[in-house]
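A closer look at the structure
Okay, here's what each chain looks like letter by letter:
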Amino acid sequence: MSHYRERFTYADLVWTHTGADTAAAHYLQISHTGGNAHSTVLFEQGVDNGDLSVTPWSDTPPAV
């Protein structure tokens, strides 16, 4: 019998659009807190010269 404990990780993602030179993104690389390794997550959105901000992975949900 296996014992499985469900675990979640969270990252907060915010981005803006300027409308100039839009490119199709396919994934994001997000680092774990305090580490150099990263995870790749699906992100199929248009991105351009706007701002993109991603927090490191955390075991607590971001504040809203």
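Please refer to the structure higher up on the page.
Residues numbered from 1 in each chain as written. Predicted model: local features only at pLDDT ≥ 70, side-chain atom pairs only at ≥ 80, totals over all residues. Heavy atoms only, no water.

Considering a nonpolar patch on the surface
Selection rule: Exposure above 30% relative accessible area and the lack of any salt bridge qualify a residue for a patch; like charges then connect within 9 Å, and the nonpolar side chains Val, Leu, Ile, Met, Phe, Trp and Tyr within 5 Å. Here, Shrake-Rupley sampling with a 1.4 Å probe gives the accessible areas, and only protein chains in the shown set may cover a residue. Salt bridges are counted wherever a side-chain nitrogen of Lys or Arg sits within 4 Å of a carboxyl oxygen of Asp or Glu. Runs of H or I in DSSP of at least four residues are treated as helices and runs of E of at least two as strands, each being numbered from the N terminus. Relative accessible area decides the class of each residue, using a 1.4 Å probe on protein chains only: under 20% of the type maximum gives buried, over 50% gives exposed, and in between gives partly exposed.
The grouping of Leu13, Leu52 and Val54 at the surface amounts to a nonpolar patch, some 210 Å² of accessible area in total. Turning to its location among the elements, leucine 13 is positioned in strand β1 (residues 13-15). Judged by its relative accessible area of 30%, leucine 13 is partly exposed.

Describing the side chain of aspartate 48
Quick reminder of the rule: Under the rule applied, a polar contact is a pair of N or O atoms within 3.5 Å (in protein, one hydrogen donor and one hydrogen acceptor; residues adjacent in sequence only if both atoms are side-chain atoms).
Within the secondary structure layout, aspartate 48 lies in the loop between β5 (46-47) and β6 (52-54). Polar contacts involving the side chain of aspartate 48 include one to the main-chain amide nitrogen of threonine 18, which spans 3.0 Å. A distance of 2.8 Å separates a polar side-chain atom of aspartate 48 from the backbone nitrogen of glycine 19.

Details of the pairing of strand β3 (residues 27-31)
Test applied: Strands were regarded as paired on the criterion that DSSP finds at least two bridges between them.
With burial as the criterion, only one face of β3 is covered, namely that bearing Leu28 and Ile30; the residues Tyr27, Gln29 and Ser31 on the opposite face remain uncovered. Bridge count between β3 and strand β4 (residues 38-42): five bridges; the pairing is antiparallel. Within β4, the position partnered with tyrosine 27 by the bridge is leucine 42.

Section: the environment of phenylalanine 43
Which entries qualify depends on this criterion: Contacts between residues were defined by any pair of non-hydrogen atoms, one from each residue, lying within 4.5 Å.
Its location among the elements puts phenylalanine 43 in the loop between β4 and β5. Residue classification places phenylalanine 43 among the buried positions, given a relative accessible area of 6%. Residues phenylalanine 43 and alanine 24, 19 residues apart in the sequence, show an inter-C-alpha distance of 9.4 Å. In contact with phenylalanine 43, not counting residues within four places along its chain, are Leu13, Trp15, Ala25, His26, Tyr27 and Leu28.

In short, geometric facts, not functional conclusions.
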